[in-house]
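Commentary on secondary and tertiary structure
Chain by chain, the residues:
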Amino acid sequence: MKHKKYILIQIIHLLLGGVNFIYGQICFIQTDTFSVDTQPGSIISADFNSDGKMDMATTNANSNNVSIILGTGTGSFNLPVYFSVGNSPQGICVADFNEDGKIDLATANLGSNNVSVLLGNGLGSFGSPINHSTYNYTQSLCSSDFNSDGKVDIAVATYNPPSSISVLFGDGTGGFSSSVNLALGFMGGAATITSADFNGDGKADLASVNGGTYQMSVLMGNGTGGFSSPVNYSASNTLSSIIHADFNGDGKADLASTLNNSAVIYMNNGTGSFAAPIYANSSPTTTVQAVSLCSADFDKDGKMDIATANYPNSISILGGLGTGNFSAPIVYPVNSHIVNDYPASIVSVNFNGDSLPDIATGNAWSYDVAIFLNCSAVGIDQYTSDQQITIYPNPINEVMNVALRQDIENCWELKITDILGNEIKSDKFEGKSNQKVDISILQSGIYFVNVKTTEGIITKKIIVQH
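Sequence order sets the numbering: in each chain, residues are counted from 1 along the sequence as written. Per-residue local features are limited, in this predicted model, to residues with pLDDT of at least 70; the limit for side-chain atom pairs, both in listing and counting, is 80 or more; totals at the level of whole chains, interfaces and linings are taken over all residues. Here the side-chain values reflect all heavy atoms present in the structure, with hydrogen atoms and water set aside.

Attention now moves to the sheet that holds strand S19 (residues 254–259). Strands are treated as partners if at least two bridges between them are detected by DSSP. Runs of H or I in DSSP of at least four residues are treated as helices and runs of E of at least two as strands, each being numbered from the N terminus. Judged by pairing direction, the sheet is antiparallel, and its four strands sit side by side in the order S18-S19-S20-S21 without closing on themselves. Strands with a single pairing partner mark the edges of an open sheet, and in this sheet they are strand S18 (240–245) and strand S21 (278–281). Ignoring which end each strand starts from, the neighbouring axes of this sheet average 25° apart. In this sheet, S21 lies alongside strand S20 (residues 262–266) in antiparallel orientation, the contact comprising four bridges. Residue alanine 263 lies in a different strand from S21, and its bridge partner there is alanine 280. Here an axis means a line fitted to C-alpha atoms, over the contact stretch when the element is a helix, while the angle between two N-to-C directions is reported on a 0 to 180 degree scale.

Written out as structure tokens, the structure reads:
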């Protein structure tokens, strides 16, 4: 495990006590990185050891294995454990394939044209891979019950060519039938795939983006394992990665993908057809390429947001407006000490138990996972105040304003500490109820402001964002 600590994750929980949250401001801090094996391509999160804490798994293309990284529930993780799969694993999905109440996983293996199924023991370990052949160049996969028999199936995107989707039907014991092939008709190949009920009939449907074709394909499931002919939707360039979420709050599953430096949004009309794409920039410059994306309500305003993993070295957060449109991106560096690192995948889940969705990226060139903890609701009231003291603005950039209640202004002392309790800065003031304090020496992060007055010590939590 390779630590690059910016803050001590375990103490972040302490920052949440007694804060009156005002949601709507998005804030993330990269807290750590954890080494995995060579060239992690996809990342996913689940509770693999049944302890109620979220863990992670990555596919490692050049090592022919998956990394299982067990979480501590604080935003930190244990050393990875590796399990062999097929050659050059790309996509990954999780489900309970053998109906024993424990999380299993499956990988799409590009180099061996198959799917590896690993059955979990509920303690964070997995059995030997059970391999199932698919068509050529297996790329991505997802799981659902496609034939309505109550057992989990798998759909696989392949570069046949031509492009196709293979469906493996589960038997409820961890075994799968021979694949059924659904031709898409493109030479570029199906790159990534997702499943949801797009037309509201209670049956699982499929959607994929197709490499090199400027196309997204949607196939309606009939509930018995069959699918309609694909309906194709065009974009202005090659799409990569696909997710579904309800971006406009109408209860229907919309679709989003990445293209150049944008997220591409397709709004669902409820019958399984989609409107013309909406393009939301994930970066102000075309030199930054959005590679992968995920969605969550990061600021708890009831609207779904999007995060993109970008090449090189960044993630972007696009705040949802609840209409299918998004605010300007907030960009955070990923592993800025590594030139041209490639965050190939991104996932969002609550890693530290504070109810806020956090982010992790799988970084292909640095062979690690970067963790971004969500601080969107940690002391971000527009004015952090009570009857004795006010500190504003919050989050703070270079200068914070501290205002005391006038009847306690005679003499007061201010100390700023980090979350380990280390003193970073101190000042004493005489007869001044309002004071500007330079905090430019503080790195971006979370701090405590401790003000000693005639009525005791008052402690406030602040976020510094440069």
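With that settled, the discussion passes to the pattern of salt bridges. Close approach of charged atoms allows side chains with opposite charge to pair. What makes a salt bridge here is a side-chain nitrogen of Lys or Arg within 4 Å of a carboxyl oxygen of Asp or Glu, nothing more. Inspection of the entire model under this criterion finds three salt bridges. Across the pair aspartate 427 and lysine 425 runs a salt bridge whose closest N-O atoms are separated by 3.8 Å. Each of Glu413, Lys415 and Glu423 takes part in a single network of salt bridges with overlapping partners.

Counting buried residues along strand S3 (residues 55–60), six of its six residues qualify, which places the element largely inside the surrounding structure. Bridge count between strand S2 (residues 40–46) and S3: five bridges; the pairing is antiparallel. Counterpart to isoleucine 43 in the pairing with S3 is threonine 58. Counting the residues between successive antiparallel strands, the hairpin from S3 to strand S4 (residues 65–69) contains four residues, one of them, asparagine 64, with a positive phi of roughly 55°. Each residue is placed in one exposure class: buried if its accessible area under a 1.4 Å probe, protein chains only, is under 20% of its type's maximum, exposed if it is over 50%, and partly exposed if it falls in between.

Residue-level confidence of the predictor, termed pLDDT, takes values from 0 up to 100. Confidence in the prediction for the protein chain averages 87 pLDDT; 90% of positions are at 70 or higher. Scored below 50 in pLDDT, residues 1–24 makes 70 contacts in the model with residues more than four places away or belonging to other chains. Note on residues 378–383: pLDDT is under 50 here. Beyond four places in sequence and across chains, it has 25 contacts. We call two residues contacting when some pair of their heavy atoms lies within 4.5 Å.

Looking now at the packing of aromatic side chains. Classification of ring pairs rests on two measures: the distance between centres of Phe, Tyr or Trp rings, Trp counted by its six-membered ring, which must be within 6.5 Å, and the angle between planes, read as stacked under 30 degrees, edge-to-face over 60 and tilted in between. What the rule picks out here adds up to 15 aromatic pairs. For the ring pair phenylalanine 48 and phenylalanine 126, a centre distance of 5.6 Å and an interplane angle of 75° mean the geometry is edge-to-face. Residue phenylalanine 48 is found in the loop between S2 and S3, and its partner phenylalanine 126 is found in the loop between strand S8 (114–118) and strand S9 (130–133); the two are separated by 78 residues along the sequence. With a centroid separation of 5.3 Å and an interplanar angle of 80°, the aromatic rings of phenylalanine 77 and phenylalanine 351 are classed as edge-to-face. You can see phenylalanine 77 sitting in the loop between S4 and strand S5 (81–84) and its partner phenylalanine 351 sitting in the loop between strand S26 (343–349) and strand S27 (358–363), a full 274 residues away along the chain. Considered together, phenylalanine 77 and phenylalanine 351 belong to a single accessibility category, that of buried residues.

Excluding glycine, residues mostly have negative phi values, and the peptide bonds linking residues are mostly trans. Cis geometry is found at the peptide bond from tyrosine 311 to proline 312, where omega equals 0°. A positive phi angle, near 60°, is found at serine 148, a position not held by glycine. Considering the arrangement of structural elements, one finds serine 148 in the loop between strand S10 (138–144) and strand S11 (153–158). The phi angle at tyrosine 367 is positive, at roughly 55°, despite the residue not being glycine. Checked against the element boundaries, tyrosine 367 lands in the loop between S27 and strand S28 (368–374). On the basis of relative accessibility, which here comes to 36%, the residue tyrosine 367 falls in the partly exposed class.

What follows covers the sheet that holds strand S32 (residues 411–418). Pairing in this open sheet of four strands is antiparallel, and the strands run S33-S32-S35-S36 from one edge to the other. This sheet does not close on itself; its edge strands, each paired only once, are strand S33 (423–430) and strand S36 (456–464). Across the sheet, the mean angle from the axis of one strand to that of its neighbour is 20°, orientation sign disregarded. As judged from the nine bridges shared by strand S35 (residues 445–453) and S36, these two strands associate in the antiparallel manner. Its bridge partner being in S36, glycine 445 is matched across the sheet by valine 464.

Take the environment of lysine 203 next. Within the secondary structure, lysine 203 sits in the loop between strand S14 (190–196) and strand S15 (205–210). Under the relative-accessibility criterion, lysine 203 is labelled partly exposed at 33%. When the C-alpha atoms of lysine 203 and phenylalanine 146 are compared, they prove to be 7.2 Å apart, with 57 residues separating the residues in sequence. Leave out the neighbours within four places in its chain, and lysine 203 touches Ala196, Asp197, Gly221, Asn222 and Gly223.

Next up on the list: the nonpolar core. Membership of the largest hydrophobic core comes to 19 residues, with the highest contact counts inside it found for Met400, Val402 and Leu414. Contributing elements (two or more residues each) for this core: strand S30 (389–392), strand S31 (399–404), S32, S35 and S36. In contact with valine 402, other than residues within four places in its own chain, are Ile389, Thr390, Ile391, Trp412, Leu414, Ser433, Asn434, Gln435 and Val437. Counting 18 residues, the second largest nonpolar core, distinct from the first, contains Met216, Met220, Ile242 and Phe274. To define a nonpolar core, start from buried Ala, Val, Leu, Ile, Met, Phe, Trp, Tyr and Cys residues and group those joined through side-chain atoms within 4.5 Å.

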